[in-house]
Amino acid sequence: LYVLFVGSLEPRKNIQRLLDAWSLLPKLHASYDLVIIGSAGAVFKNQGVNHSSNDESTLFLGRVPDDDLFLLYAGALVFAYPSLYEGFGFPILEAMASGVPVLSSNVTSMPEVAGEAAYLVNPYSVDEIAQGLSNLLSSPDLRAQYIQKGFTQLELFSRDKVMKKFKTAFESVV
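Residues numbered from 1 in each chain as written. Predicted model: local features only at pLDDT ≥ 70, side-chain atom pairs only at ≥ 80, totals over all residues. Heavy atoms only, no water.

### Overview of the packing of helix H4 (residues 90–97) against helix H7 (residues 140–154)
Note the following rule: Interaxial angles span 0 to 180 degrees and are taken between N-to-C directions of axes, which are lines fitted to C-alpha atoms, for helices over the stretch in contact. Runs of E in the DSSP output that reach at least two residues are strands. Runs of H or I that reach at least four are helices, and both are numbered from the N terminus. Two helices crossing with the near one rotated counterclockwise from the far one by less than a right angle form a left-handed crossing, whereas a clockwise rotation gives a right-handed crossing. Only heavy atoms matter for contacts: two residues are in contact if any of them lie within 4.5 Å across the pair.
Relative to each other, H4 and H7 sit at 115°, their axes nearing to 8 Å. Every pair of crossing elements has a handedness; the one defined by H4 and H7 is left-handed. When H4 is examined against H7, the residues Leu93, Met96 and Ala97 are found in contact with a partner set consisting of Gly150, Phe151, Gln153 and Leu154.

Structure representation (structure tokens):
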């Protein structure tokens, strides 16, 4: 059983606060792992992200093939995405489509993408991230609610609906 993060490993993805939040939950480490997937760019490597203080319950897998990524999403108990800034936030929708409850940030585009279908936290608060993870991991009912809300939220991003919105926007400009 694991909490999953997927994304490029760069400062705006807020990995250090996620790691710090995870370190506040040592009682959960016996039952759950934190799995981090993504490639570290030069900027991230130079940020001095401290994952040495985390125990063996934190796994950095690097980049994984798309077929494996789909399986890793599907096997996650919770998807954690406390990013500081996103233009859109596709991993949120990927997790929802995989039937995984999402913990995400309450800033930039994430609330718009996630709607009420994600447990939203202040990404600058390690304590809020930790509390959100604890709440989701300790409550099957809460996870089930967010999974169902996630499937409903995905309907807003169907191809037909997106194309209608694009057409309306295009026609208003023309």
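### Topic: unusual backbone geometry
What counts is decided by this rule: Any residue under 20% of the maximum accessible area for its type is buried, any over 50% is exposed, and the rest in between are partly exposed; the area is computed with a 1.4 Å probe on protein chains only.
Backbone geometry places asparagine 14, a non-glycine residue, at a positive phi of 70°. Relative to the elements of secondary structure, asparagine 14 occurs in the loop between strand E1 (2–6) and helix H1 (15–23). Classification of asparagine 14 as buried rests on a relative accessible area of 3%.

### Description of the packing of aromatic side chains
Given two aromatic rings, one states the distance between the centres and the angle between the planes to describe the pair. Heads up, the condition is: A pair of aromatic rings is counted whenever rings of Phe, Tyr or Trp (Trp by its six-membered ring) have centres within 6.5 Å, and the orientation is called stacked for planes under 30 degrees apart, edge-to-face for over 60 and tilted otherwise. Look at NZ for Lys and CZ for Arg. If either is within 6 Å of the ring centre and within 35 degrees of the ring normal, a charge sits over the ring.
Counting across every chain of the model gives six aromatic pairs. Aromatic pair phenylalanine 88 and phenylalanine 157: ring centres 5.7 Å apart, planes at 90°, arrangement edge-to-face. Linking phenylalanine 88 in the loop between strand E4 (78–81) and H4 with phenylalanine 157 in the loop between H7 and helix H8 (159–173), this pair joins segments that are 69 residues apart in sequence. With a relative accessible area of 26%, phenylalanine 157 lands in the partly exposed category. Ring-pair connections join several aromatic residues into one group, and the members of that group are Phe5, Tyr73, Phe79 and Tyr81. Note that lysine 149 overlies the ring of tyrosine 146, its terminal NZ or CZ placed 5.2 Å from the centroid.

### A look at H1
Using the following cut-off: Of all possible arcs, the one meant is that of the directions from the helix axis to the C-beta atoms.
Taken together, the buried positions of H1 are Ile15, Leu18, Leu19, Ala21 and Trp22. Looking straight down H1, one finds that the buried residues subtend no more than 160° of arc, so they occupy a single side.

### What about the environment of leucine 61?
Of note, leucine 61 is situated in strand E3 (residues 58–62). Remark: the alpha-carbon pair of leucine 61 and glycine 38, spanning 23 residues in sequence, is separated by 7.2 Å. In contact with leucine 61, other than residues within four places in its own chain, are Val35, Ile36, Ile37 and Leu72.

### Description of the pattern of salt bridges
The line we're drawing: By definition here, a salt bridge exists when the distance from a side-chain nitrogen of Lys or Arg to a carboxyl oxygen of Asp or Glu is within 4 Å.
Inspection of every chain in the model, using the stated rule, returns three salt bridges. For arginine 12, the salt bridge goes to glutamate 10, with nearest N and O atoms at 2.8 Å. Taking the shortest distance from any N to any O, the salt bridge between lysine 13 and glutamate 86 comes out at 2.7 Å. One end of the pair, lysine 13, is in the loop between E1 and H1; the other, glutamate 86, is in the loop between E4 and H4, with 73 residues separating them in the sequence. With respect to class, lysine 13 is no different from glutamate 86; both count as buried.

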